[in-house]
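# Observations on the three-dimensional arrangement
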Amino acid sequence: MNRPKKPVAIRKVWAYNLFEELSLINRIALRYPFVAMDTEFPGSVFHPTVEKHHLSHLPPDYNYRVMKANVDALDLIQLGLTLSDADGNLPDFGTSHAYIWEFNFSDFDVESDLQNPDSIALLERQGIDFHKNRALGINSRKFAWLFLNSRLAFDFNRGSPLTWITFHSAYDFGFLLKILTGGKLLPENLGTFMIWVNMYFGGAVYDMKHMIRYCSGLYGGLERVAKTLDVDRMAGRSHQAGSDSLLTMQTFMKLKELYFDREGGEEEIGNFRSVLHGLEVEGTLLLV
């Protein structure tokens, strides 16, 4: 894996520069077809009605219903995107920096909208300015129109050359699909939700939280997995979507190098396509 050779700058996207920044991404998407994604939202307000030690054993349909209830009731705050080539190189546009993106949305009103107070306090400590987002942020309907007319969206006519990289991303895709469908409620069942994921993002969707279950020695959240793999955060802070999308991309590249850089490795990675953590059927393969 190539560590970024240049310092990484986060391109902050607001209503006033949304068109220009998505145009930039559209211009380079074919050269940087790996897209790591992370979101920030107002926490969870609906929770499973079981003891904490039973959470990892809940069936996928139950997990989906809890996720759906939260996504249907809440609004997205930030979306982070990191684009990379197959070797982990980031776009630099011929400048002295490499770049990633952080989209700030205006939909969420911290004064009146449903939220988890602990999550809001954490995001504020990490530097998210909810009032600035409300005043200057992106209207999700405008974002949806531009996204769906860009190379980021799956196109049945040309297929999709993009590979989406995520970590524990059921909620990430849930919130993005809510935006891309004009604020519709998520489907009633998990099967239809996964059809939506593949319709809008293509079939090459990977969730590292699911993948590490079959990689010896890896467990926990993104920060823990990155530390285990000796991956450093290159820009920004945790719980900011742009920074976390970059850490997700770097961690995936290192995971691929250490666990799948061998004959047949690409086929092994393919086994994890379109399976999201918590919404999956039990697997059997352990990679060492």
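Anything mentioned here points back to the structure above.
Analysis parameters
- Residues numbered from 1 in each chain as written.
- Predicted model: local features only at pLDDT ≥ 70, side-chain atom pairs only at ≥ 80, totals over all residues.
- Heavy atoms only, no water.
- Helix = DSSP H or I, 4+ residues; strand = E, 2+ residues; numbered from the N terminus.
- Rg over C-alpha atoms; globule rule 2.2 N^0.38 Å.
- Buried < 20%, exposed > 50% of the residue type's maximum accessible area, 1.4 Å probe, protein only.
- Areas by Shrake-Rupley, 256 points an atom, 1.4 Å probe, with all protein chains shown as cover.
- Pairing = 2+ DSSP bridges.
- Axes fitted to C-alpha atoms, helices over the stretch in contact; angles between N-to-C directions.
- Contact = heavy atoms within 4.5 Å.
- Parallel < 35°, antiparallel > 145°, perpendicular 65-115°, else oblique.
- Nonpolar A, V, L, I, M, F, W, Y, C, P; charged D, E, K, R; others polar.
- Polar contact = N/O pair within 3.5 Å; in protein donor to acceptor, adjacent residues only side chain to side chain.
- Left-handed = near helix turned anticlockwise from the far one by under 90°.
- Core = buried A, V, L, I, M, F, W, Y, C linked by side-chain atoms within 4.5 Å.
- Patch = residues over 30% accessible without salt bridge, like charges linked within 9 Å, V, L, I, M, F, W, Y side chains within 5 Å.
- Salt bridge = Lys/Arg side-chain N within 4 Å of Asp/Glu carboxyl O.

The next subject is the overall build of the protein. Within the protein, the regular secondary structure consists of eleven helices and six strands. Here the C-alpha radius of gyration of the protein, 18 Å, is about what a compact globule of 288 residues would show, namely 19 Å. Its C-alpha atoms give the protein principal-axis dimensions of about 50 × 50 × 40 Å. Burial analysis of the protein (288 residues in total) assigns 53% to the buried set. Carbon and sulfur atoms make up 51% of the accessible area of the protein, which totals about 13400 Å².

So, about the sheet that holds strand E5 (residues 163–166). Judged by pairing direction, the sheet is mixed, and its six strands sit side by side in the order E1-E4-E3-E2-E5-E6 without closing on themselves. A single partner strand is all that each edge strand has here, and the edge strands are strand E1 (8–13) and strand E6 (205–207). Looking at each pair of strands side by side, their axes are set apart by 25° on average, direction ignored. Across the sheet, helix H6 (residues 170–180) touches strand E2 (34–40), strand E3 (78–84), E5 and E6, and the angle it forms with E2 is around 85°.

Let us now look at the environment of Pro7. Residue position: Pro7 is located in the segment before E1. C-alpha separation for the pair Pro7 and Asp92, spaced 85 residues apart in sequence, amounts to 9.8 Å. Beyond its immediate stretch of four places on either side in the chain, Pro7 contacts Ser96, His97 and Ala98.

Our next topic: the packing of helix H5 (residues 140–148) against H6. Running from N to C, H5 and H6 cross one another at 95°; their axes reach a closest spacing of 8 Å. Regarding the angle of H5 to H6, the classification is roughly perpendicular. Where H5 abuts H6, its residues Ser140, Phe143, Ala144, Phe147 and Leu148 lie against Leu176, Ile179 and Leu180. Here the contact of H5 with H6 is built from residues that sort into seven nonpolar, one polar and no charged.

The subject of this paragraph is helix H3 (residues 117–125). Two or three places before Asp118, at the opening of H3, Asn116 has a side-chain oxygen 3.0 Å from that residue's backbone nitrogen. Once H3 ends, the next one or two residues include Gly127, with phi positive near 105°.

This paragraph deals with the side chain of Asn17. With respect to the helices and strands, the residue Asn17 is situated in the loop between E1 and helix H1 (18–28). A residue is classified by how much of its surface remains accessible, and Asn17, at 11% relative accessible area, is buried. A distance of 3.1 Å separates the side chain of Asn17 from the backbone oxygen of Lys12, its partner in a polar contact.

Now for the environment of Phe108. Residue placement: Phe108 occurs in the loop between strand E4 (98–104) and H3. For Phe108, a relative accessible area of 3% corresponds to the buried category. Apart from residues no more than four positions distant in its own chain, Phe108 is found in contact with Pro42, Asp75, Leu76, Ile77, Asp113, Leu114, Gln115, Ile120, Phe130 and Arg134.

Further remarks concern the packing of H6 against helix H7 (residues 190–201). Geometrically, a packed helix pair is captured by the angle between its two axes and the distance between the axes. Taken N-terminus to C-terminus, the directions of H6 and H7 make an angle of 70°; their axes are 11 Å apart at the nearest point. Looking at the two axes, H6 sits roughly perpendicular to H7. Crossing hand, H6 versus H7: left-handed. The segment H6 lies against H7, with Ala170, Phe173, Gly174, Leu176, Leu177 and Leu180 engaging Phe193, Trp196, Val197, Tyr200 and Phe201. Taken together, the residues of the contact of H6 with H7 break down into ten nonpolar, one polar and no charged.

The next subject is the environment of Ala226. Of note, Ala226 is situated in helix H9 (residues 222–228). Accessibility expressed as a relative area gives 2% for Ala226, which makes it buried. For the pair Ala226 and Ala241, spaced 15 residues apart in sequence, the C-alpha separation works out to 16 Å. When neighbours within four sequence positions are excluded, Ala226 is seen to be in contact with Val231, Leu247 and Thr251.

Our focus in this paragraph is the nonpolar core. Membership of the largest hydrophobic core comes to 52 residues, with the highest contact counts inside it found for Leu81, Phe103, Phe143, Trp164, Phe193 and Phe201. Among the elements that make up this core, the one with the highest residue count is H6 (eight residues). For Trp164, the contacting residues outside a window of four places in its chain are Val35, Met37, Leu81, Phe147, Leu152, Phe173, Phe201, Ala204, Val205 and Tyr206. The next biggest cluster of nonpolar side chains, apart from the first, holds 26 residues, and it includes Ala36, Ala204, Cys215 and Leu222.

Together, Phe156, Ile195 and Met199 give the surface a local cluster of nonpolar side chains, amounting to about 330 Å² of exposed area. Its place among the elements puts Met199 in helix H7.

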